[in-house]
Amino acid sequence: MKRKRKPKSLPKEGLARLPEVLEAMGICKTTWYAGIKTGRYPKQVRPSAGTVAWRVEEIRELIANLEVAENDE
């Protein structure tokens, strides 16, 4: 069963925190961090000490690329 990705749950621009990214991707935290480790998903940025986030533009691009790949199957 394929999960629907919901990029509209992301802010329009800027940075997104982990819960927003996971909701948009429809995956769990373990899968997300495994994907970062393998290079499938973008690495986080550190806007301040103790805070991690991801660039919304990179997440939206990732979602678009994954949807294209799913449609090609």
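Because the structure is predicted, anything quoted here is derived from the model rather than measured. (Residues numbered from 1 in each chain as written. Predicted model: local features only at pLDDT ≥ 70, side-chain atom pairs only at ≥ 80, totals over all residues. Heavy atoms only, no water.)

### Considering the nonpolar core
And then number 1: Leu10, Val21, Met25, Trp32, Trp54 and Ile59 are the most contacted members of the largest nonpolar core, which totals 17 residues.
And then number 2: Every element with two or more residues in this core is listed here: helix 1 (18–25), helix 2 (29–38), strand 3 (51–55) and helix 3 (56–72).
And then number 3: What tryptophan 32 contacts, discounting residues up to four positions off in sequence, is Leu18, Val21, Leu22, Met25, Ile27, Tyr41, Pro42, Trp54, Ile59 and Leu62. (Core = buried A, V, L, I, M, F, W, Y, C linked by side-chain atoms within 4.5 Å. Buried < 20%, exposed > 50% of the residue type's maximum accessible area, 1.4 Å probe, protein only. Helix = DSSP H or I, 4+ residues; strand = E, 2+ residues; numbered from the N terminus. Contact = heavy atoms within 4.5 Å.)

### Here's the deal with the pattern of salt bridges
And then number 1: Per the stated rule, a full pass over the model turns up 1 salt bridge.
And then number 2: Between arginine 55 and glutamate 58 there is a salt bridge, with the nearest N and O atoms lying 3.9 Å from each other.
And then number 3: The class of glutamate 58 is partly exposed, set by a relative accessible area of 29%. (Salt bridge = Lys/Arg side-chain N within 4 Å of Asp/Glu carboxyl O.)

### Remarks on the pairing of strand 3
And then number 1: Across the 5 residues that make up strand 3, a large majority, 4, are buried.
And then number 2: Sheet topology note: the strand 1 (residues 15–16)/strand 3 ladder contains 2 bridges and is antiparallel. Following the sheet pairing, leucine 15 is matched in strand 3 by arginine 55.
And then number 3: Looking at chain direction, strand 2 (residues 45–48) and strand 3 are connected through 2 bridges and run antiparallel. Bridge pairing in strand 3 places valine 45 opposite alanine 53.
And then number 4: Remark: 2 residues form the turn of the hairpin made by strand 2 and strand 3, two consecutive strands paired antiparallel; glycine 50 in that turn has positive phi of roughly 80 degrees. (Pairing = 2+ DSSP bridges.)

So far we have only geometry, and geometry alone does not tell us how the molecule works.
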